[in-house]
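# Residue-level structure breakdown
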Amino acid sequence: MLKTVERVRMYSVPFEDDKVKRLISWYVTVLQKALNIIWDNTEWVYDFKRFKAKKHVKFKVPKIPKNSAFKKKLRDELMKDNPYAKHWIDAVIRTAYSILESWRKRYIKGRARKVKPRIRRRFARCKITLMKIDYERKTIRITLKPHEYVEVSFANTWFIKRVKGWAVGEVTLKDDRVLIPFKRVETAMVNGAIGWDCNELTVDGFSPNIGFIHVDLKPLITTRIIYQEKRRRVQSIASKKLKNGEKLLSKYSHREKDKCKDIERKLATQLVNLFPNTLHGFEKLNKEEMLKHNYKSLRKRIARVSWRNIVGEIKQRTVVKEVGPKNTSRTSSRCGFKVKDLRGQVFKCPKCGLVIDRQKNACINIYLKMRGLAHSKDWWDEVVKPLIRQELWVGVALRGRMPMIWSPMKGDLTAMKPKRLVDQNTRLSIKVHQP
């Protein structure tokens with residue numbers, strides 16, 4: 001099966017110029033002005049929203065003006081005393097609508113307040129019509145004013161080999177650097193699929209070609225806990241208003257982010273290397289909703305796991321399909337019956353009598369969702385049942401520039417950490433079967 005995937009990579013190039021700084025100051029001011037005008041002309045209309053209690057609640061939603069007459073008036077207003085090229089005004093308007101549309105989506109979902117967005121960071125998004133790209137010289141010429149340009153070179157950068165043959169997208173200007181996106185459309189051959197269930201300490205997968213896969217997240221969780229404790233100690237220093245208190249807090253926050261990002265990248269790279277030409281299916285989890293509807297100790301544990309970052313890293317390297325997380329843990333993977341009361345680690349179906357580990361049951365359901373397959377007892381007995389004891393334990397090496405595939409995992413897939421498990425059907429202690 002062939003799948004088309006668009007790859008996007010963003011790299012930063014150091015660049016400082018007084019003319020660019022003046023442009024950014026003007027851009028931010030005009031962008032806030034555009035937001036103010038659009039906000040003042042936004043209408044609030046009544047709509048109905050259905051909540052989990054199955055009740056329809058009447059509330060007001062913003063209706064952002066998008067007609068051509070309003071956009072023309074907005075452009076004419078912003079063009080007054082414009083010292084730069086006209087296309088910069090078009091870039092401002094497009095950015096303003098992008099910010100407001102993002103705010104509107106979050107507001108409707110209850111993640112944002114009814115407050116006008118404000119620009120707090122200095123940047124300027126450049127339209128492609130303001131850029132002239134020379135792929136031979138590896139330079140980008142950006143028009144500021146008529147007959148006034150700045151040139152940014154990425155010829156001698158460390159990432160030049162990684163983006164060979166890639167197209168340059170619309171850049172973003174900062175005070176001390178330029179962010180350059182590189183894009184490429186690739187056609188990938190998909191020979192298999194894995195459905196992944198994200199949990200607190202593991203990411204569990206199922207594939208008819210491999211069996212069950214358990215990815216250990218303990219190194220990531222351990223890093224989070226260590227730096228949370230360090231920040232807790234530093235906060236006591238910062239509370240005493242010492243000079244280095246806030247600096248230490250910022251330093252440890254950046255270190256935690258960098259180390260966790262490194263683990264997530266290595267984990268994604270190792271999974272892609274282990275399972276090439278594979279379609280990966282994940283739940284589209286909403287961590288904010290999970291944090292709202294759980295008790296305090298569980299919320300802390302959920303906040304430590306960055307599932308979306310892991311999925312994002314895998315997306316950059318291979319084909320990923322996301323499915324809705326609704327009832328993946330409550331549904332029997334054998335007959336499709338939905339269990340109302342779900343407790344403990346073992347899933348028990350009162351209809352077909354299935355007794356299986358809860359995480360295994362969920363990853364089978366995710367696999368069926370991503371492949372568009374219906375629940376079938378015959379398929380489960382023929383495909384899944386022989387693979388119940390076939391497991392692959394996957395870890396990530398935290399040392400070295402590239403992730404290491406540990407020696408037991410070279411060649412044929414084998415269990416990396418054989419354990420004694422309890423067969424939920426027979427309640428007997430068995431050894432992990434090594435394929």
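Rules used in this analysis
- Residues numbered from 1 in each chain as written.
- Predicted model: local features only at pLDDT ≥ 70, side-chain atom pairs only at ≥ 80, totals over all residues.
- Heavy atoms only, no water.
- Salt bridge = Lys/Arg side-chain N within 4 Å of Asp/Glu carboxyl O.
- Helix = DSSP H or I, 4+ residues; strand = E, 2+ residues; numbered from the N terminus.
- Buried < 20%, exposed > 50% of the residue type's maximum accessible area, 1.4 Å probe, protein only.
- pLDDT = per-residue confidence, 0-100.
- Contact = heavy atoms within 4.5 Å.
- Patch = residues over 30% accessible without salt bridge, like charges linked within 9 Å, V, L, I, M, F, W, Y side chains within 5 Å.
- Areas by Shrake-Rupley, 256 points an atom, 1.4 Å probe, with all protein chains shown as cover.
- Lys, Arg positive; Asp, Glu negative; His and termini not counted.
- Charge placed at Lys NZ, Arg CZ, Asp CG, Glu CD.
- Expected span 1.5 Å × (residues − 1).
- Arc of directions from axis to C-beta.
- Axes fitted to C-alpha atoms, helices over the stretch in contact; angles between N-to-C directions.
- Parallel < 35°, antiparallel > 145°, perpendicular 65-115°, else oblique.
- Left-handed = near helix turned anticlockwise from the far one by under 90°.
- Nonpolar A, V, L, I, M, F, W, Y, C, P; charged D, E, K, R; others polar.
- Polar contact = N/O pair within 3.5 Å; in protein donor to acceptor, adjacent residues only side chain to side chain.
- Pairing = 2+ DSSP bridges.
- Disulfide = S-S within 2.5 Å.

A few words on the pattern of salt bridges. Pairs may arise between side chains of opposite charge once their charged atoms sit close together. Under the defined criterion, the tally for this structure stands at 20 salt bridges. With its nearest N and O atoms 3.0 Å apart, the salt bridge here joins Arg334 to Asp381. Separated by 47 residues along the polypeptide, Arg334 in the loop between strand E15 (320–323) and strand E16 (346–348) and Asp381 in helix H10 (residues 377–384) bring together distant segments of the chain. Looking at Arg334, the relative accessible area reads 16%, which means it is buried. Salt bridges here are not isolated pairs; linked through shared partners, they connect Lys261, Arg265, Glu313 and Arg317.

Time to look at the confidence of the model for the protein chain. Looking at the protein chain, pLDDT values average 82 and 83% of them are 70 or higher. Between residues 398–435, whose pLDDT stays under 50, and residues either more than four places distant or in other chains, the model counts 73 contacts.

With that settled, consider a positive patch on the surface. Together, Lys230, Lys251, Arg255 and Lys259 make up a region of like positive charge exposed at the surface. Considering each element in turn, the positive patch owes the most residues, 3 residues, to helix H5 (residues 245–274). Take Arg255: it is sitting in helix H5. When its relative accessible area of 39% is taken as the criterion, Arg255 is described as partly exposed.

Okay, helix H2 (residues 68–79) next. Spanning 12 residues, H2 covers 16 Å between terminal C-alpha atoms, matching the ideal 16 Å at 1.5 Å per step. Listed in full, the buried residues belonging to H2 are Phe70, Leu74 and Leu78. What you see down the axis of H2 is that its buried residues fit within an arc of 65 degrees, all on one side. Structural note: H2 exposes Ser68, Lys72 and Lys73 on the side pointing more than 90 degrees away from its buried face. The inward-facing, buried residues of H2 abut helix H1 (18–40) and helix H3 (86–108). In the segment just after H2, Asp81 is the residue with positive phi, at about 60 degrees.

Let us look at the packing of H1 against H3. Where H1 contacts H3, the axes come no closer than 9 Å and their chain directions differ by 55 degrees. Here H3 runs oblique to H1, going by the angle between their axes. The chirality of how H1 crosses H3 is right-handed. Where H1 approaches H3, its residues Leu23, Trp26, Tyr27, Val30, Leu31, Ala34, Leu35, Ile38 and Trp39 are matched on the opposing element by Trp88, Ile89, Ala91, Val92, Thr95, Ala96, Tyr97, Ile99, Leu100 and Trp103. The class makeup of the residues in the contact of H1 with H3 is 18 nonpolar, 1 polar and no charged.

With respect to the helices and strands, Asp175 occurs in the loop between strand E9 (172–173) and strand E10 (177–189). Between the C-alpha atom of Asp175 and that of Arg122, which follows or precedes it by 53 residues, the distance is 7.4 Å. Other than its neighbours up to four places away in sequence, Asp175 contacts Phe15, Glu16, Lys21, Ile24 and Arg122. Within the structure, Asp175 has its side chain in polar contact with the side chain of Arg122 (distance 2.8 Å).

A large share of strand E12 (residues 202–207) lies buried, amounting to 6 of its 6 residues. Of the strand pairs in this sheet, strand E11 (residues 192–198) and E12 are connected by 4 bridges, and their pairing is antiparallel. Bridging from a neighbouring strand, Trp196 pairs with Gly205 of E12. The antiparallel hairpin formed by E11 and E12 contains 3 residues in its connecting segment. Pairing analysis gives 6 bridges linking E12 to strand E13 (residues 211–216), with the strands arranged antiparallel. Note that in E13 the partner of Asp204 across the bridge is His214. Here E12 folds back onto E13 in antiparallel fashion, the turn holding 3 residues.

This next bit is on the state of the cysteines. According to the stated counting rule, one finds 0 disulfides in the structure shown. The structure places no disulfide on Cys335, whose sulfur is separated from the nearest cysteine sulfur, that of Cys352, by 3.6 Å. Cys335 gets classed as buried once you look at its relative accessible area, which sits at 19%.

This brings us to the pairing of strand E14 (residues 278–283). Burial runs high along E14: 6 of the 6 residues are buried. Because side chains alternate across E14, one face comprises the buried residues Thr278, His280 and Phe282, and the other comprises Leu279, Gly281 and Glu283, equally buried. Sheet topology note: the E11/E14 ladder contains 4 bridges and is parallel. Its bridge partner being in E14, Ile194 is matched across the sheet by His280.

Before going further, it helps to examine the sheet that holds strand E6 (residues 139–145). On the basis of which strands lie adjacent, the open sheet formed by 3 strands has the order E5-E6-E7 and antiparallel pairing. A strand with exactly one partner marks an edge of an open sheet, and here the two such strands are strand E5 (131–134) and strand E7 (148–153). On average, each strand axis in the sheet is tilted by 20 degrees relative to the strand beside it, whichever way the strands run. This element, H1, spans E6 and E7 of the sheet and lies at about 110 degrees to E7.

Unusually for a residue other than glycine, Asp81 sits at a positive phi of about 60 degrees. Looking at the secondary structure, you find Asp81 in the loop between H2 and H3. For Lys138, which is not a glycine, the phi torsion comes out positive at approximately 60 degrees. Mapped onto the fold, Lys138 is located in the loop between E5 and E6. Owing to a relative accessible area of 27%, Lys138 belongs among the partly exposed residues under this scheme.

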